[in-house]
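# Geometric and topological summary
Read off the chains here:
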Amino acid sequence: MPLPKSGRQLMLDRLYIAVRLAATADIERAAMFLEGARKIRAGSSRQRSSARSAQAKAWEKKVDNSVTW
């Protein structure tokens with residue numbers, strides 16, 4: 001019995017079928033769309049990372065470091 005396909009494998013199968021039926025211009029537009037989406041994801045993850053690090057250090061603004069115990 002074959003193993004069930006993952007969601008990614010199912011999407012790739014759909015993509016292969018679409019590529020076989022597509023014109024060259026359609027494939028070019030799809031590639032440009034995917035490249036743009038990758039750039040957006042990279043920027044978003046960078047922004048989330050910087051926001052997390054800023055939040056982790058936010059408490060330091062409220063602490064008086066000159067006082068020692």
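Our structure's up above, just so we're on the same page.
For the structure given in this document, a descriptive report is provided here. (Residues numbered from 1 in each chain as written. Predicted model: local features only at pLDDT ≥ 70, side-chain atom pairs only at ≥ 80, totals over all residues. Heavy atoms only, no water.)

## With respect to the overall build of the protein
A tally of helices and strands in the protein yields two helices and zero strands. Taken over C-alpha atoms, the radius of gyration comes to 23 Å for the protein, far larger than the 11 Å a tight globule of 69 residues would show. Along the first, second and third principal axes, the C-alpha atoms of the protein reach 70 × 40 × 10 Å. Per-residue burial over the protein gives 0% buried out of 69 residues. (Helix = DSSP H or I, 4+ residues; strand = E, 2+ residues; numbered from the N terminus. Rg over C-alpha atoms; globule rule 2.2 N^0.38 Å. Buried < 20%, exposed > 50% of the residue type's maximum accessible area, 1.4 Å probe, protein only.)

## Re the pattern of salt bridges
Taken as a whole, this structure holds two salt bridges when the rule is applied. Taking the shortest distance from any N to any O, the salt bridge between aspartate 13 and lysine 5 comes out at 2.5 Å. The residue arginine 29 makes a salt bridge to aspartate 26 at a minimum N-O spacing of 2.5 Å. Of the two residues, arginine 29 and aspartate 26 both sit in helix 2 (residues 24-57), three residues apart, roughly one turn of that helix. (Salt bridge = Lys/Arg side-chain N within 4 Å of Asp/Glu carboxyl O.)

## Observations concerning the environment of glycine 36
If you trace the backbone, glycine 36 turns up in helix 2. On the accessibility criterion, glycine 36 (29% relative accessible area) is partly exposed.

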